[in-house]
Amino acid sequence: MRPGTTRRREGAEERVARFARESGIPLLRIGLGVVYLWFGVLKLFPGGSPAQDLVERTVSALTFGIIHGDLARLSAAITEIGIALVLLSFRAPRWCAVLLVGHVVMVSTPLVLFPGEMWSGPLQASFEAQYILKNLVTVAAAVVIASSQPRVR
């Protein structure tokens, strides 16, 4: 190995590590914020979200039929847009984490409410169930966000 190569590699590794420390949580919040905003905005429009039927049925089941149809879809949209705004505000990391975990719990209920649609056998998740299960990553992200400090402007 040539002299200086090790120093350059260590310098590059340190720069990457510093970038990850400084940018990781903001990038995580931006990424989740954009996804929540996108999915929430889609739900504002009838037929805009491929999850519309499942959302409407789930909200209706969870509210014992009090909230259903368009109101269920719009309440889900407003909730997701609200979470997006908290994420993108870079404020209140612990409140943000609570919102994320609460949302994941709520959107996971179809796995139990509609098992015939979600599972075709042991560990054989339908497309919808896989869509829901990927939210486990959101829980991990919520834990990381909760560990951060709010950005002070």
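Residues numbered from 1 in each chain as written. Predicted model: local features only at pLDDT ≥ 70, side-chain atom pairs only at ≥ 80, totals over all residues. Heavy atoms only, no water.

## Some details on the overall build of the protein
No. 1: Broken down by element type, the protein carries 8 helices and 2 strands.
No. 2: Along the protein, helices (α) and strands (β) appear in the sequence α-α-α-α-α-α-β-β-α-α when read from the amino end.
No. 3: Taken against the 2.2 N^0.38 rule, which gives 15 Å for 153 residues, the C-alpha radius of gyration of the protein at 20 Å runs more than 25% over that of a compact globule.
No. 4: Each of the three principal axes of the protein carries a C-alpha extent, and together these read 70 × 45 × 25 Å.
No. 5: For the protein, the residues scored as buried account for 32% of the 153 residues in total.
No. 6: A separation of at least 24 residues holds for 67% of the contacts in the protein among residues at least 6 apart in sequence.
No. 7: One way to put it: in the protein the 16 positive side-chain charges average out to a point 14 Å from where the 10 negative ones average out. (Helix = DSSP H or I, 4+ residues; strand = E, 2+ residues; numbered from the N terminus. Rg over C-alpha atoms; globule rule 2.2 N^0.38 Å. Buried < 20%, exposed > 50% of the residue type's maximum accessible area, 1.4 Å probe, protein only. Contact = heavy atoms within 4.5 Å. Lys, Arg positive; Asp, Glu negative; His and termini not counted. Charge placed at Lys NZ, Arg CZ, Asp CG, Glu CD.)

## Here we look at the layout of surface pockets
No. 1: In this model, the largest pocket occupies a volume close to 640 Å³.
No. 2: For the largest pocket, the lining is made up of 29 residues, of which Ala76, Glu80, His103, Met106 and Val107 are closest to its centre.
No. 3: The set of elements that each furnish at least two residues to the lining of the largest pocket consists of helix 1 (5-43), helix 2 (52-62), helix 3 (69-89), helix 4 (93-108) and helix 7 (127-133).
No. 4: Each residue belonging to the lining of the largest pocket can be placed in one class, and the counts come to 18 nonpolar, 8 polar and 3 charged.
No. 5: Taken as a whole, the second largest pocket spans an internal volume of roughly 270 Å³.
No. 6: In terms of lining residues, the second largest pocket is bounded by 13 residues, among which Pro50, Ala51, Phe127, Glu128 and Tyr131 are the most central. (1 Å grid on protein atoms, 1.4 Å probe; cavity = no way out; pocket = protein on both sides within 12 Å on 5 of 7 lines; lining within 4 Å. Points joined across faces, edges and corners; volume = space filled by probe spheres on them. Nonpolar A, V, L, I, M, F, W, Y, C, P; charged D, E, K, R; others polar.)

## Topic: the confidence of the model for the protein
No. 1: Residues at a pLDDT of 70 or more form 92% of the protein, whose mean pLDDT is 89.
No. 2: The spread of mean pLDDT over the elements of the protein runs between helix 1, the lowest at 87, and helix 5 (residues 110-113), the highest at 96. (pLDDT = per-residue confidence, 0-100.)

## Points about the packing of aromatic side chains
No. 1: Within this structure, the stated rule accounts for 1 aromatic pair.
No. 2: Here the aromatic rings of Phe39 and Tyr131 are separated by 6.2 Å at their centres, their planes lie at 20°, and the arrangement is stacked. Note that Phe39 is positioned in helix 1 and Tyr131 in helix 7, a separation of 92 residues in sequence.
No. 3: Just above the ring of Phe114 sits the side chain of Arg57; from NZ or CZ to the centre is 4.6 Å. (Phe/Tyr/Trp six-rings, centres within 6.5 Å; stacked < 30°, edge-to-face > 60°. Lys NZ or Arg CZ within 6 Å of the ring centre and 35° of its normal.)

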